[in-house]
Amino acid sequence: KMKNKEIKILLSAPRGFCAGVERAIEIVEKALSKYGAPVYVRHEIVHNKFVVDDLKKKGAIFVEELEEIKDKSRPVIFSAHGVPKKIPEDAKNYNMTYIDATCPLVSKVHREAENLHKSGYHLILIGHENHPEVIGTMGQLPKGSIDLIQNENDAKKYKTINEKIAYVTQTTLSMDDTKDIIQILKEKFQNIKEPIKEDICYATTNRQMAVKNIAKKCDLFFVIGSRNSSNSVRLVEVAKKSGCYNSQLIHSQSKIPFDLIENSNTIGISSGASAPEILVDNFINELKNRFTVSIDEVEIIKENVVFKAPKKLN
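Residues numbered from 1 in each chain as written. Predicted model: local features only at pLDDT ≥ 70, side-chain atom pairs only at ≥ 80, totals over all residues. Heavy atoms only, no water.

1. Details of the sheet that holds strand β3 (residues 60-63)
Either a parallel or an antiparallel arrangement is found when strands of a sheet pair, and the pairing is made through backbone hydrogen bonds. An order of β3-β2-β4-β5 is seen for the 4 strands of this open sheet, with the pairing classed as parallel. Among the strands making up the open sheet, the edge pair consists of β3 and β5 (98-100). Neighbour to neighbour, the strand axes of the sheet diverge by 25 degrees on average, direction disregarded. Note: strand β2 (residues 39-42) against strand β4 (residues 76-78), 3 bridges, orientation parallel. The partner of R42 across the bridge, within β4, is F78. (Pairing = 2+ DSSP bridges. Helix = DSSP H or I, 4+ residues; strand = E, 2+ residues; numbered from the N terminus. Axes fitted to C-alpha atoms, helices over the stretch in contact; angles between N-to-C directions.)

2. Looking at the pairing of strand β1 (residues 6-13)
Extensive coverage of β1 is indicated by the burial of 6 of its 8 residues. Bridging between β1 and strand β12 (residues 292-299) involves 8 bridges; their strand directions are parallel. The partner of K8 across the bridge, within β12, is S294. Strand direction decides the pairing type here: β1 and strand β11 (residues 266-271), joined by 4 bridges, are parallel. The residue of β11 that forms the bridge with L10 is G268. (Buried < 20%, exposed > 50% of the residue type's maximum accessible area, 1.4 Å probe, protein only.)

3. Points about the layout of surface pockets
Over the atoms, a rolled probe matching the size of one water molecule traces out where space is still vacant. Reported here for the largest pocket is a volume of approximately 300 Å³. Lining the largest pocket are 16 residues, with I224, I250, H251, S252 and L279 sitting closest to its centre. Elements supplying a minimum of two residues to the lining of the largest pocket: α2 (49-57) and α11 (277-288). With 4 residues, α11 is the single largest residue contributor to the lining of the largest pocket. Partitioning the lining of the largest pocket into residue classes produces 6 nonpolar, 7 polar and 3 charged. (1 Å grid on protein atoms, 1.4 Å probe; cavity = no way out; pocket = protein on both sides within 12 Å on 5 of 7 lines; lining within 4 Å. Points joined across faces, edges and corners; volume = space filled by probe spheres on them. Nonpolar A, V, L, I, M, F, W, Y, C, P; charged D, E, K, R; others polar.)

4. Let's talk about empty space enclosed by the protein
Counting across every chain of the model gives 1 cavity of 30 Å³ or more. For the largest cavity, the calculated volume is near 320 Å³. In terms of lining residues, the largest cavity is bounded by 28 residues, among which C18, V21, T172, N231 and A273 are the most central. Counting only elements with at least two residues in the lining of the largest cavity, the list comes to α1 (19-35), α4 (104-118), α8 (202-215) and α9 (230-241). By residue number, the principal contributor to the lining of the largest cavity is α8, which donates 5 residues. Partitioning the lining of the largest cavity into residue classes produces 13 nonpolar, 13 polar and 2 charged.

Next comes the structure, spelled out in structure tokens:
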């Protein structure tokens, strides 16, 4: 029998669940135990198929809009990504019990946008069109008072007649790409107001820093996460930009590229903020079945952030 190829895995840390995701999942589980099944969830609670499927088995029913909910006497939970102001209002009009699982760091951006608007600023949101977080943040303000900028090109072309302008950002962007966009805006609008505290969240920043830290040592880089998970897709981009061009997302439909792995010596692995650690374990076990694997966990910072679920669920 041929000797198994030896592969070194650099396991990026921090990776995986952030505090907002932990809290959102806990909210659905606590709601199920308090109210029984079914409870409804508007939009995927977090962008991960494994998590969503697990909660479906436990009695959660996922919908995109409140109108789809047949039995309005059942509770509904809003996903971690946040919702436009109109959604809680609609829930109240339906007399629904609702529980908001929006990440507190997203809610912070919502309040920030609202306060800036009240102080007479015209807002720019740096983010990705149609992402639920972007829809939610823009939906805090009246139409026309906040504009979306997605990339450097948008920033270069952006025009406004407003004297007072400010920007906020989506929490899960690439730090470097965002920095470049902000640079362009600052050159164009010298008095643009910036957030007092960075909007890109601690978890996004830490996961990107951790990937950057090991990418150039890797022949291949894998990020475990879903295709609609913004922060996971960003991690793949960060790995590529940081020196490991062969980087890819491993999602629920992915085929593991064993041939590429066969030709590599060092493999980097990270996971997005909505990907459970069991998916990382499963992936590593697939590799262990075929190769001789050594694992080196490279941690750049300890995370100890915890967000408590709402008291009314206890």
